[in-house]
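Take a look at the letters that make up each chain.
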Protein chains: 4
Amino acid sequence: MIKKVKITYIGGGSRLWARSLMSDLALESEISGEVVLYDIDVEAAKNNAIIGNMMMALKDAKGKWHFTVESNLEFALKGADFVFLSILPATFEEMDAYVHLSESYGIYQPVGDTTGPAGIFRSLIMMPIYEKFALAIKAHAKDAWVINFTNPMTMCVQMLYHVFPQIKAFGNCHEVFHVQDLLARALFEEKKIQASRKEISINPLGINHFTWINYASYQDLDLMPIYQKFAEKYHKTGSEGDAWVDYYPFGSANRVKFDLYLKYGCIAAAGDRHLVEFLPQHFYTKNPDIIKSWRYFLTPVAHRKNIKAEGNRLALQMIHHEADVTIKPSGEEGVLQLKALLGLHDLVTNVNVPNQGQIANLPIGHVVETNAMFRRDEIRPVFAGSMPDFAHQITLRHIKNHQLLLKAFDEKDLSYARLAFSLDPSIEHLEESQKMALFDEIYTKVKPYLEYYTT
Amino acid sequence: MIKKVKITYIGGGSRLWARSLMSDLALESEISGEVVLYDIDVEAAKNNAIIGNMMMALKDAKGKWHFTVESNLEFALKGADFVFLSILPATFEEMDAYVHLSESYGIYQPVGDTTGPAGIFRSLIMMPIYEKFALAIKAHAKDAWVINFTNPMTMCVQMLYHVFPQIKAFGNCHEVFHVQDLLARALFEEKKIQASRKEISINPLGINHFTWINYASYQDLDLMPIYQKFAEKYHKTGSEGDAWVDYYPFGSANRVKFDLYLKYGCIAAAGDRHLVEFLPQHFYTKNPDIIKSWRYFLTPVAHRKNIKAEGNRLALQMIHHEADVTIKPSGEEGVLQLKALLGLHDLVTNVNVPNQGQIANLPIGHVVETNAMFRRDEIRPVFAGSMPDFAHQITLRHIKNHQLLLKAFDEKDLSYARLAFSLDPSIEHLEESQKMALFDEIYTKVKPYLEYYTT
Amino acid sequence: MIKKVKITYIGGGSRLWARSLMSDLALESEISGEVVLYDIDVEAAKNNAIIGNMMMALKDAKGKWHFTVESNLEFALKGADFVFLSILPATFEEMDAYVHLSESYGIYQPVGDTTGPAGIFRSLIMMPIYEKFALAIKAHAKDAWVINFTNPMTMCVQMLYHVFPQIKAFGNCHEVFHVQDLLARALFEEKKIQASRKEISINPLGINHFTWINYASYQDLDLMPIYQKFAEKYHKTGSEGDAWVDYYPFGSANRVKFDLYLKYGCIAAAGDRHLVEFLPQHFYTKNPDIIKSWRYFLTPVAHRKNIKAEGNRLALQMIHHEADVTIKPSGEEGVLQLKALLGLHDLVTNVNVPNQGQIANLPIGHVVETNAMFRRDEIRPVFAGSMPDFAHQITLRHIKNHQLLLKAFDEKDLSYARLAFSLDPSIEHLEESQKMALFDEIYTKVKPYLEYYTT
Amino acid sequence: MIKKVKITYIGGGSRLWARSLMSDLALESEISGEVVLYDIDVEAAKNNAIIGNMMMALKDAKGKWHFTVESNLEFALKGADFVFLSILPATFEEMDAYVHLSESYGIYQPVGDTTGPAGIFRSLIMMPIYEKFALAIKAHAKDAWVINFTNPMTMCVQMLYHVFPQIKAFGNCHEVFHVQDLLARALFEEKKIQASRKEISINPLGINHFTWINYASYQDLDLMPIYQKFAEKYHKTGSEGDAWVDYYPFGSANRVKFDLYLKYGCIAAAGDRHLVEFLPQHFYTKNPDIIKSWRYFLTPVAHRKNIKAEGNRLALQMIHHEADVTIKPSGEEGVLQLKALLGLHDLVTNVNVPNQGQIANLPIGHVVETNAMFRRDEIRPVFAGSMPDFAHQITLRHIKNHQLLLKAFDEKDLSYARLAFSLDPSIEHLEESQKMALFDEIYTKVKPYLEYYTT
């Protein structure tokens, strides 16, 4: 058992990720230590600390962790073994602007945190914030492992390495797990073989939320032809029947995934709601009717605000013993990764780190997502080969845009961001004048968060 | 004076390029020798040989060249110092199909020999033909310099190196000269300084017909700000007033070039009619009215047929002394390049060869266009740096498509060509089903020339 | 259980490797099938087949394998799932020449199968033979996995990919296991912790027999400082006391390994007898006294001949029931790798395959040794990073030489081999004239095996 | 005519290079302006300024230049169009140590400013000084062209880019001119054709002072076979008869160059005295007798001191009108390059800049020497291809060492310099203990100049 592990959680007031982590740590018997919660919303962090410590006091808690709050970033980072980054850049007000203003131009973004108009502005807001984090980590916790959960994932991890190239950072995303679940289901429907997600071997490759797989197997079975049949079977209806509606407004029925497979021959690993955002508008997001027919939801930012309010309410109830504090495994791999990095066991899983050649046909240095081997104090990417052709062409366009956003940061010059905006596949079909009008509309709303850029 | 130079001209029946070369050779006093004309249209080659020899007999001819015809490719190539490649893949009937069938889908291609639906089919037709040429050159003239004039230029040169990597081949295109002329004119309008095209130093970079310049100077003057003023001045009207109409149906007024400059800050070197073919349809080719407003022509293939018939008629008239055989310099650089490769003088000019790093942000091995230094028996690319951002993103998409076309050739599998078709920026906005319908329509018409592909 | 696996064993008459494999297969219960033994020494193959089938009939045999002999390479390969390559290029007579003739020039080669004068000539002999194998595999078993055991390992695997780039081949070498054993021992001596070889995590990187490790851990312990103490402790004496002498003439006491570590700060993974062959002569091989003081043996080729004769004798005894046929696990990973490639379990182990970037500071395409992940029908290298500085400089010199040997093969021109010979670190200190004299002496003796080279 | 050019000359007190430049400027009619001399030896700079202004007053001076002295680096650099860097790192006392202390170990260095023990220590001394220059240029003259004349050339230019990656710097070296002169002479002896140096086209490639050529032509003649005959003719005697002795102690007879050509088939471009320093000691520098037989001199540092004293004496005589101030062309290309960068004419010449791919088989980013095209405000390398095999192997070893020296600078850690020292080909044959003893001997003498390094 390894004791005295120090985790610093930036964004420690978060309702979703922070509480998942607390639950998983409570169930963990091999490591123990201290979690320092840092958040600009100090109250939220304090509530989480109280709840975390309440969890540890529960009978079914195996872990021994102490949760504290620290409002000074330097103090929070000093001595950290692990730094978790899980924040919302700006607020839901700005998110409302960069997600929904595009709709009057016919641009629909189901998630709005990764690419397209929303992703570009979210990146612009995030970069100066992440510069601060990276510099603080360099100064106060340079040997810590930094695990990023914030979106836009690729750009967040890119910024950390851009500012502090020696950083030991990676981006963690569970999106790829879903395709393993889907393959397990296909395997069962075709062959009546029950397999767990972890028994499905895959080769994920791409950029976060636009990740693909070109290899899937279970023991000595090739799952690719099995997926082919599955995709054909559910192409028209989606694989979820009406069940996907239960996940309003976060659900989808995988119709997009199957359609892409049947047209272009490669399996998309990310969820439909993410996938469509990377593609030209006429593919799947032309208008609300078309969107409906593809069977996925657009998530209104208003809904996110409600969830947040609800989460806050629940926190207070728990603190005041009006609601039960409970522990349940989150299904996330964060704690597993952490244990692997401490040397307790080996782990191969998907991860977002700079390309060192693991994807042969993407530029070196750009953050990509593939499998990697986790061991004591190291992460070594596993070579994934070349991206499938269709996905490759689209991905190159997004990578070019990421490079333009970094230039905008380096030069503090938004004209590079305007060019990235103009070249984004999801709005490329608009007239240049419309694109610039939309850019300006969003810019006006989020301006207070873009003061870093002087021109 | 260097004697006994042997030039083999594949496509030696051509009216335009072959006669330009004959004229230039007739005016050339430093080299002499033999030109062997090879063509599947043997009659046309024979007529050209007669006309060429008539030219040499003229009083103002300085050159001593003898023109012959050879219908056996092996014999034609044996002993060649230079091989010129200037053919029409298939005939104008197929060109008619691959250029004009797209129009009912709203796709307009002004030239139709490089990219888009036309370029893709022209490439498919060309590749097996060029394989034959490359193998014959490898077998019978492996040390010869091979100068390609055929379009699609990039794909033609790519195929030659693909089949015979040690080939000494390059693609020659005069398109870039026009931007030098335009800069000379801007210099005169702004500064009242007269300069010839060759005095304008530029840094061309890109792929053929989508070449850009990011550097232009005359002596100690930076021409970039001068071009800026020029582009602003003529943005609305084009720089040619109504004069461009005189070049029906090949003219343009440079409006597209100015618009691209003002939007994206880099100077396009190729003519407007070529540029628009590389771009998404909504940029400049949405419909005939829009096209008219941008002031460039769509060249009907019927017109090309007329020119050909006219050229044939004129040839017979010359042969029968009913029309004058005359010599005049073509303005082309073919003979200059040839002399430089023979060691008679150094030359720096734009050329299409595989990328060895001369364009830093394009893949190694892909045929690109930049300046190169010509000397005795060698061509050395000059490093051009990175492509400007906007042009770069579009170019990467076309390069990806070129790679897919090569895969279609390697695997004899048209599904790769279908994917390239589907990803072509000029038709990307169509539904997948429309794209495939258009592909099939063209395919049906040109099928006899695609027997190489077995699937 | 997977049945009907077909293994083709080229060099199936070999005493050591073939019998190890037969033993391991006999102990294997998860797979079964057929092993086809191919050898130019058909008698030896036949004897091995008899012995193999005798093993399978033993009570303690769990496996179900049938061994046959096939003297036609094409028939042997058809339908193979796995091809093992384990041959001696030429015979021990030639080995005698290329190992021992150098001694009169003061050049001592303890093993003589990898680098130096011996390795260069062995490569020259091997290349045309391996060309034949690669072409036959391409023609008759292109989807089979090819496992090479022959030395020079790097050059053998390189040749397979050189001739048939799509081959699924890798080189298997147990040399790296020894450093894991050594680390386990250091761990025990320092910390009194018992660990098995497989529990020691390492990051091997380099070229075969000149492999290094820059990372070693056991659970949460960093083993690098532990190795430091161990190396200091045994620097003068070696770690094996007098025990190493028991392994005459294959033993060593690790003094070279410790000395390299203390001088250059990185851990050599290969055995001392291999390591010294890669280094300039004045390091550890100056003369027999010096060699003695470093405590490793030079293996006389005469000894290898004896072993072979002894092995033959034993084979006949076993066949005639004058000696017992027994089964014991070999400690090799061949069967484990095979099972992993069949999908039965995952495996991470060291392997020799072309560099795709897994070693960041060695050229792409050159065969290197690092960890890789084995799964159903695929091997994916794990990113190993950059080689340590001292090892890197020496390795670059050997890679340059490998490239020269491939050029000698491509051009059938021994002058490239002469240059490689001249540049080999182990003889670089000789005068050019001496080097060429030695080259010629060896050449004269092995000439019948070098007829491929026309100049 | 371009007026008001400002040149800042760092090392402006130098006798040789500064006065060459002053002479060349005095003869130059197309440009004029101001030269600011900066030197830590302010007196020497003042004397040079006086002499420079006296030159300009001479009747045969065409140029209009004013020479001033500035002892503040910032003021000197402000507004500079060109910065010349021409200094002696430390003094001749330190040079004495790093050149001659090696001799008791049997290591002879004819020049002692580039590689070997001398070059390594000179680099260590130079790096912190050049860091200061690069930072000052970044702050005060970031758009100036920086022309470096200081040795070690490769390392000096590397440092400038290492500290300020956007710097417009290049290294200028006339060494390559000699091989053009030699080729012109060979051409005359073989063919009785008179040609000037500039008419000999070559393809130089390598690192400074270890530059090679694999292409030489004059008009339509290939000069490579002509050089072959020339090398054979003069292999035993050298090409200079006894004339080389007149250049004591800087002369050589080209025997080394011819020997390398006959052994390895590529033409060395640098002078023999430089070449031998890059090679293992047993090649040409074993002992004074061997050195004598190869017919080149070792330059004693005492001699350099004398030249300096003589130069100082002459300066005072000129200032006091006791010696004539005269102007004569230096044969250097500095002023030509400067005019080309101002746009007055194009120039192709050899230059030292970071590799962008111009040498295909050397690492990107490392400073290399090839031809480049000079035009208004830009230098574009010309693609030179791959280095010849023998030269390539040796060069890779030196590049590795350069990288180690940069690491020593970055980490302020001399252990990397010790490793570079240990790996230097010229001393590689020594025992590690001898190498470290020699390192320490030199270190003790030059220690005051190595305070930058903390470990």
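See the structure above.
We now turn to the structure provided with this report. These numbers were taken from a predicted model, which means no experiment stands behind them.

1. Some words on the interface of chain A and chain C
A common way to report how large an interface is uses the accessible area buried once the components associate. Between chain A and chain C, the contact holds 28 residues from the first and 29 residues from the second. Interface area for chain A against chain C, summed over the two sides, is near 2,200 Å², with a carbon-plus-sulfur share of 53%. For the chain A face of the interface with chain C, the top three residues by lost area are A:Tyr215, A:Arg376 and A:Phe383, together amounting to 32%. Linking chain A with chain C are two salt bridges, by the criterion used here. Note that A:Arg376 and C:Asp222 form a salt bridge whose closest N and O atoms lie 3.7 Å from each other. Remark: the boundary between chain A and chain C carries 13 residue pairs in polar contact (both at pLDDT 80 or more). Classifying every residue of the side of chain A that touches chain C by side-chain character gives 11 nonpolar, 10 polar and seven charged.

2. Some thoughts on the arrangement of the chains
Where chain B comes nearest to chain C, the C-alpha atoms are still 13 Å apart, and the two do not contact one another. No part of chain A reaches chain D; the closest C-alpha pair between them is 13 Å apart.

3. Some remarks on the relation of the copies chain C and chain D
The relation between the two copies of this chain is a rotation about an axis and a shift parallel to it. Expressed as a screw transformation, the operator carrying chain C onto chain D has a rotation angle of 180° and an axial translation of 0.0 Å, and the superposed copies differ by an RMSD of 0.0 Å. Considering both components of the superposition, the chain copies are consistent with a two-fold axis. Interface overlap between copies: 100% of the residues of chain C at the interface are likewise at the interface in chain D, consistent with a symmetric, same-surface contact.

4. Structural notes on the side chain of C:Arg295
Residue and element names in this part refer to chain C. With respect to the element layout, Arg295 can be found in the loop between helix H12 (288-294) and helix H13 (301-319). A polar contact of 3.4 Å, which involves the side chain of Arg295, links it to the backbone oxygen of Gly241. In contact with Arg295, other than residues within four places in its own chain, are Thr237, Gly241, Asp242, Trp244, Ser252, Ala253 and Arg255.

5. Here we look at the pairing of strand S4 (residues 82-85) of chain C
A regular strand carries its side chains on alternate faces of the sheet. All names here are of chain C. On S4, burial covers both faces: Phe82 and Phe84 on one face and Val83 and Leu85 on the other are all buried. With four bridges joining them, strand S1 (residues 2-10) and S4 adopt parallel strand pairing. Paired with Thr8 across the strands is Val83, a residue of S4.

6. Description of the interface of chain C and chain D
Chain C puts 23 residues into the contact, and the matching count from chain D is 23 residues. The junction of chain C with chain D conceals about 2,200 Å² of combined surface from both sides, 53% of it contributed by carbon and sulfur atoms. On the chain C side of the interface with chain D, the three residues burying the most area are C:Asp389, C:Gln393 and C:Lys400, jointly 27% of the side's total. At the junction of chain C and chain D, the tally comes to eight salt bridges. Among the ionic pairs, D:Glu428 bridges to C:Arg397, the shortest N-O distance being 2.7 Å. If you look at where chain C meets chain D, you find 19 residue pairs in polar contact (both at pLDDT 80 or more). By residue number, the principal contributor to the side of chain C that touches chain D is helix H15 (residues 389-411) of chain C, which donates eight residues. Looking at the side of chain C that touches chain D residue by residue, the class counts come to eight nonpolar, five polar and 10 charged.

7. Digging into the environment of A:Ala340
Residues and elements named next belong to chain A. Examined against the element boundaries, Ala340 turns out to sit in helix H14 (residues 334-341). Given a relative accessible area of 0%, Ala340 falls into the buried group. Beyond its immediate sequence surroundings of up to four residues, Ala340 is in contact with His345, Leu347, Phe374, Arg375 and Arg376.

8. Focus: the relation of the copies chain A and chain C
In screw terms, the move from chain A to chain C is a rotation of 180° and a rise of 0.0 Å along the axis, fitting with an RMSD of 0.0 Å. Comparing contact sets, 100% of the residues at the interface of chain A also lie at the interface in chain C, consistent with an isologous, same-surface contact.

9. Quick look at the packing of aromatic side chains
All told, the structure shown has 98 aromatic pairs over all chains when counted by the stated rule. Aromatic pair B:Phe121 and B:Phe421: ring centres 6.1 Å apart, planes at 80°, arrangement edge-to-face. Of this pair, B:Phe121 sits in helix H5 (residues 116-140) while B:Phe421 is found in helix H16 (residues 414-423), placing the two residues 300 residues apart along the sequence. Each member of the pair, B:Phe121 as well as B:Phe421, is classed as buried. Pairing D:Tyr248 with D:Phe297 gives two aromatic rings, centres 5.0 Å apart and planes at 90°, and the pair type is edge-to-face. On the criterion of sequence distance, the pair formed by D:Tyr248 in the loop between helix H8 (224-234) and helix H9 (255-264) and D:Phe297 in the loop between helix H12 (288-293) and helix H13 (301-319) is long-range, its members being 49 residues apart. The buried category is assigned to D:Phe297, whose relative accessible area is 15%. Over the ring of C:Tyr215 we find A:Arg380; its NZ or CZ atom is 6.0 Å from the centre of that ring. Between the NZ or CZ atom of D:Arg197 and the centre of the ring of D:Phe177, over which it lies, the distance is 3.7 Å.

10. Concerning the packing of helix H5 (residues 116-140) of chain A against helix H6 (residues 153-163) of chain A
All names here are of chain A. Packing of H5 against H6 brings their axes to within 9 Å, and their N-to-C directions diverge by 40°. Between H5 and H6, the angle is such that the two are oblique. Relative to H6, H5 is oriented so that their crossing is right-handed. Mapping the contact onto sequence places Ser123, Met126, Met127, Tyr130, Glu131, Ala134 and Leu135 in H5 and Met155, Cys156, Met159, Leu160 and Val163 in H6. Split into classes, the residues belonging to the contact of H5 with H6 amount to 10 nonpolar, one polar and one charged.

11. What about the pairing of strand S12 (residues 367-375) of chain C?
All names here are of chain C. Of all nine residues in S12, nine are buried, a share of seventy percent or more. As paired strands, strand S7 (residues 201-207) and S12 are joined by two bridges and run antiparallel to one another. Looking at the pairing, Gly206 lines up with Glu369 of S12. Bridge count between strand S11 (residues 347-354) and S12: eight bridges; the pairing is antiparallel.

So, how was this worked out
Residues numbered from 1 in each chain as written. Chains lettered and ligands numbered in written order. Predicted model: local features only at pLDDT ≥ 70, side-chain atom pairs only at ≥ 80, totals over all residues. Heavy atoms only, no water. Contact = heavy atoms within 4.5 Å. Buried area = accessible area lost by both parts, 1.4 Å probe. Salt bridge = Lys/Arg side-chain N within 4 Å of Asp/Glu carboxyl O. Polar contact = N/O pair within 3.5 Å; in protein donor to acceptor, adjacent residues only side chain to side chain. Nonpolar A, V, L, I, M, F, W, Y, C, P; charged D, E, K, R; others polar. Least-squares fit on C-alpha atoms with pLDDT ≥ 70 in both. Helix = DSSP H or I, 4+ residues; strand = E, 2+ residues; numbered from the N terminus. Buried < 20%, exposed > 50% of the residue type's maximum accessible area, 1.4 Å probe, protein only. Pairing = 2+ DSSP bridges. Phe/Tyr/Trp six-rings, centres within 6.5 Å; stacked < 30°, edge-to-face > 60°. Lys NZ or Arg CZ within 6 Å of the ring centre and 35° of its normal. Axes fitted to C-alpha atoms, helices over the stretch in contact; angles between N-to-C directions. Parallel < 35°, antiparallel > 145°, perpendicular 65-115°, else oblique. Left-handed = near helix turned anticlockwise from the far one by under 90°.

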